[in-house]
Amino acid sequence: MKKIISGNEAIALGFGDSGGVFASGYPGTPSTETLEEVARLGDVYCEWAANEKVALEAAIGGSIAGGRSLSTMKHVGVNVAADALMTLTYTGVNAGLILMVSDDPGMHSSQNEQDSRNYAKFAKVPMLDPANSQEAYDMVRAGFEISEQFDTPLMLRTTTRIAHAKGVVVPGEKIAPQIGEWVKDVPKYVMLPNFGKIKHVEVEARLLKLQEFAETTPLNRVEMGDTEVGIITSGVSYQHVREACPDASVLKLGLVHPLPERKIREFAASVKRLVIVEEMDAIFEEQIRAMGIEVEIGKNKLPLCGEINADLIRVALDDTKAEVVAPVEGLPQRPPVFCPSCAHRGLFTILSKLKTFVSGDIGCYTLGALPPMGAMHSVIDMGASISAAHGMAKVNAIAGRDEKPVAVIGDSTFFHSGITGLLSMAYNGGNALVIIMDNRTTGMTGGQENPGSGNTLQGIPAKQVEIAPLVKALGIENVAELDAYDLKATEAAIKKGLETPGPYVLIDKNPCILRYKIRKPAIHVDQEKCTGCRACLKVACMALGLTASGEKQKVRVDPNVCNGCGVCTQMCKFDAMHELEGENNANL
Amino acid sequence: MQIFNIVIAGVGGQGVLMASKVLAESALASGLDVKQNEVHGMAQRGGSVISFVRIGDQVCSPVVMPGTADLLISFEPLEALRYIHYLKPGGRLVYNKVSINPSTVAAGLAIYPDDVEEQIAAACAAAKGIEALSIAREAGNGKAVNMVMVGTVMKDLPLKEEIITEVVKQISQNKGVEVNMKALAGGAAA
């Protein structure tokens, strides 16, 4: 039956229909919905791992034990899993293994714009690049077959416009899972140098075989049209090409590594102008130029940064300026913001006031860097808040600067890779204040379960790690609780943490109001008492605003948005803000 | 049929994605090809959200380019203005008149323009503003703004109203069916 589903949902469905047995991943936009959908479909085991390295290693175990396995993550997650990947390519697989990675060209929700196709080259593994939901579905099955036929892990790569875009899918026949033998094979799975040397030779030979496969597989197809222009492309770029030049000849690559050299040569020879349309890095172009093939248009006319679209392709081909339809200028920006009544708001109100250096991390709390808070001064990667704060403190000590850095990290990020940083800080006699915002969910990706939330991905009650004993076991002696809704207490706790020498950990255990659907009555502003001093606006809550211009502007609270946390009321020196009696109207 | 491009704009949390789903499912149920796409992920609430729905015999790109939208549905006036350049000449615009402050305005860093609706009217003669929140509340739930908006544009779509109504019925959860039906009808009558 026809369905309209996203690329992520299509991959989940394809996994179940391909006899998939085991799936493990870590949430990360735009990859997250894949495992959520596997869980929702309900017929295959799946789990959230503590991080991407653990997820891929678990999938490797699943494959060795004979079950078709899937590991899912966003592009930067592969950096975490790369240690496993770079040796997995040597061992190969038992049952098929797919590493699904979602890239984010345009950085809609990511800290960088890395192109995962580089990893396929780096790890010398085949990579598939679907161009719509149907292909995403089909390529899971094709991917398992390639993985098993060539004894290799396979990367299935999507981008935001494939992962999140919904299109029509007609599912194929469902294969029942067939779990193979659990084989002991020392030379295959033990990568001691002597075994590894043999395996490296095999990896190079495998790549040549895959290259032959690439020449003939229907995954790479030529659509001959007008021979004036021939375009080599893949993934969502193919759709933009079809939009911009419906009549052009196209070599559409589904298997994007390794490349089919003969097929590319033939195609190039059959058209007048050869054009390469690929998002982000010049991966095809560099390889095709290295084959000695003349490329007329590639990254000389198309951007390395951001997404490709049909207009960019038209402009590159026609060498004309497209008519620019300009947006209205001067409108107030609407950046993402802490939810009304989020506990992070109280914390950052105080950190902003104290003007201390905040070493940040990846999560909702990263928004503390934006105005008017401006209270986060470095954000690098998962876990870096703690390790970078440690390095800062050491250099500050050497420089004779009497300043203690603050690290802010959430529960899921702490489990992912904050624990090792804190262990290292305790071991090396560090000197930072670490604030762990333990809201019992992986918030920014939509509220996923994690080792602290009490449930697994499949909704089964689970061990719930307590952070305070864990932190103490790492060697941190000063551990205290924090209630970020209480501004005075928060300020006092942070000051104490900064004044006490050595590592100091504060843990806020207020749950995510969105994930746990916490509702409180809205705040009301007494217009008689409000002086319009705007002190409350410093909390940066979208429920607050000024009354219409003209008369003396006073603060008003939008009862459709306010969720009654009371942080703003603590900023008011004129007793003008109070909780309203009755039901909450918040349109959350 | 020619491709019909719809842009749906709003603020995170308003139900833009659910409205997009209704239109996409309705297109599928009408035997048409459809692609729907939005960008989400960064934080949960309060950010600007834009979603594309493209309907036709065969749809390639999931992205609507500026200057090509047949219809812009905005759940908030400022967001209507922010994405009004997506409309093609003669394209239609329907927006919810209830404004939501951006965080920049809430923090006193920017001012919500007094003349948003005048600017909308100047840029798009066919623009229509509706009181979606009060219609949704009359239907029984302020959160049904998204269904009110779908109801308002039903007659502008290349889709049959019965099909859209049926899709809304199917995807509404038990208690929500009645509210969503009323919201849809309330929007259609606005």
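Because the structure is a prediction, the values reported are computed rather than measured. (Residues numbered from 1 in each chain as written. Chains lettered and ligands numbered in written order. Predicted model: local features only at pLDDT ≥ 70, side-chain atom pairs only at ≥ 80, totals over all residues.)

Observations concerning the overall build of chain B
Helices and strands together make up the secondary structure of chain B, namely 8 helices and 6 strands. Along chain B, helices and strands appear, N-terminal first, in the series β-α-β-β-β-α-β-α-α-β-α-α-α-α. Since a compact globule built from 190 residues should have a radius of gyration of about 16 Å, the 16 Å found for chain B is in line with a globular shape. Along the three orthogonal principal directions, the C-alpha set of chain B runs to about 50 × 35 × 35 Å. Looking at chain B as a whole, 63% of its 190 residues are labelled buried. For chain B, the share of sequence-separated contacts (at least 6 apart) that also reach a separation of at least 24 residues comes to 66%. (Helix = DSSP H or I, 4+ residues; strand = E, 2+ residues; numbered from the N terminus. Rg over C-alpha atoms; globule rule 2.2 N^0.38 Å. Buried ≥ 20, exposed ≤ 12 C-beta atoms within 10 Å, placed from the backbone. Contact = placed C-beta atoms within 7 Å.)

Topic: the interface of chain A and chain B
Listed per partner, the contact involves 54 residues of chain A and 49 residues of chain B. Elements with a minimum of two residues in the side of chain A that touches chain B: α7 (160–163), β8 (166–169), α10 (235–244), α13 (310–318) and β20 (544–546) of chain A. Here the side of chain A that touches chain B gets 4 residues from one element, more than from any other, and that element is α10(A). Its residues assigned to classes, the side of chain A that touches chain B comprises 29 nonpolar, 16 polar and 9 charged. (Nonpolar A, V, L, I, M, F, W, Y, C, P; charged D, E, K, R; others polar.)

A word on the domain arrangement of chain A
Residues and elements named next belong to chain A. Considered domain by domain, chain A is made up of domain 1 (3–216), domain 2 (221–318), domain 3 (344–508) and domain 4 (523–579). Once you take the C-alpha centre of each, domain 1 and domain 3 turn out to be 33 Å apart. Listed by partner, the interface residues are 14 residues for domain 1 and 16 residues for domain 3. Counting only elements with at least two residues in the side of domain 1 that touches domain 3, the list comes to α2 (33–41) and β3 (45–48). Classifying every residue of the side of domain 1 that touches domain 3 by side-chain character gives 8 nonpolar, 5 polar and 1 charged. (Domains from an automatic or database assignment.)

Here's the deal with the confidence of the model for chain A
When pLDDT is averaged along chain A, the result is 95; 97% of the residues meet or exceed 70. Looking over chain A, one finds the lowest element-wise mean pLDDT in β20(A), namely 85, and the highest in strand β6 (residues 127–128) of chain A, namely 99. (pLDDT = per-residue confidence, 0-100.)

Quick word on the packing of helix α5 (residues 132–139) of chain B against helix α8 (residues 176–189) of chain B
Residues and elements named next belong to chain B. Across the interface, α5 lies against α8 with an axial gap of 8 Å and an inter-helix angle of 140°. One way to sum up the angle between α5 and α8 is to call them oblique. Two packed elements cross with a definite hand, and for α5 against α8 that hand is right-handed. Residues I135, A136, E138 and A139 of α5 lie in contact with α8, whose contacting residues are V179, K182, A183, G186 and G187. Along the lines of polarity and charge, the residues of the contact of α5 with α8 split into 5 nonpolar, 2 polar and 2 charged. (Axes fitted to C-alpha atoms, helices over the stretch in contact; angles between N-to-C directions. Parallel < 35°, antiparallel > 145°, perpendicular 65-115°, else oblique. Left-handed = near helix turned anticlockwise from the far one by under 90°.)

What about the sheet that holds strand β13 (residues 273–277) of chain A?
All names here are of chain A. On the basis of which strands lie adjacent, the open sheet formed by 4 strands has the order β9-β11-β10-β13 and mixed pairing. Across the chains shown, the open sheet's two edge strands, defined by having one partner strand only, are β9 (221–223) and β13. The sheet shows a mean angle of 20° between the axes of neighbouring strands, direction not considered. One ladder, built from 6 bridges, connects strand β10 (residues 226–234) with strand β11 (residues 248–253); its direction is parallel. Following the sheet pairing, T233 is matched in β11 by K252. The sheet contacts of α10 involve β10, β11 and β13, and relative to β10 the element is tilted by about 155°. Strand contacts of helix α11 (residues 261–270): β9, β10, β11 and β13, with the helix running at about 150° to β10, the strand carrying the most contacts. (Pairing = 2+ DSSP bridges.)

Details of the sheet that holds strand β14 (residues 358–359) of chain A
All names here are of chain A. One open sheet accounts for 5 strands, arranged β14-β15-β16-β18-β17; its pairing is parallel. Only two strands of the sheet have a single partner each, and these edge strands are β14 and β17 (478–482). Pairing of strand β16 (residues 433–437) with strand β18 (residues 504–508) involves 5 bridges; the strand directions are parallel. Looking at β18, one finds that M437 is bridged to D508. Helix α16 (residues 411–427) rests against β15 (406–410) and β16 of the sheet, and its axis sits at about 135° to β15.

Let's talk about the confidence of the model for chain B
Residues and elements named next belong to chain B. Confidence along chain B averages 92 in pLDDT terms, with 97% of residues attaining 70 or more. Across chain B, the secondary-structure element scoring lowest on mean pLDDT is helix α3 (residues 103–106), at 82, and the one scoring highest is strand β4 (residues 69–74), at 98. Here the predicted complex scores 0.96 on pTM and 0.94 on ipTM.

A few points about the nonpolar core
Core analysis: the biggest nonpolar cluster contains 244 residues, and V434(A), I435(A), V7(B), L72(B), L93(B) and M149(B) have the highest contact counts within it. If we ignore the near neighbours within four places in the chain, the residues touching V434(A) are I386(A), A407(A), I409(A), L422(A), P503(A) and V505(A). (Core = buried A, V, L, I, M, F, W, Y, C linked by C-beta atoms within 7 Å.)

Points about unusual backbone geometry
Residues and elements named next belong to chain A. With an omega of 5°, the peptide bond between T29 and P30 qualifies as cis. Cis geometry is found at the peptide bond from P371 to P372, where omega equals 0°. With respect to the secondary-structure elements, P372 resides in the loop between β14 and α15 (384–399). The residue M107 is not glycine, and still its phi comes out positive at about 45°. By the element assignment, M107 lies in the loop between β5 (97–103) and α5 (117–123). Residues other than glycine seldom take positive phi values, yet R534 does so here, at roughly 70°. On the secondary structure map, R534 appears in the loop between β19 (523–525) and β20. C-beta crowding within 10 Å serves as the criterion here: with 16 such atoms nearby, R534 is assigned to the partly exposed category.

Comments concerning the packing of α5(B) against helix α6 (residues 145–153) of chain B
All names here are of chain B. Across the interface, α5 lies against α6 with an axial gap of 8 Å and an inter-helix angle of 110°. As summarised for this structure, α5 and α6 are arranged roughly perpendicular, according to the angle between their axes. Two secondary-structure elements touch here, α5 through A132, L133, I135 and A136 and α6 through V145, V148 and M149. Here the residues of the contact of α5 with α6 are counted per class, giving 7 nonpolar, no polar and no charged.

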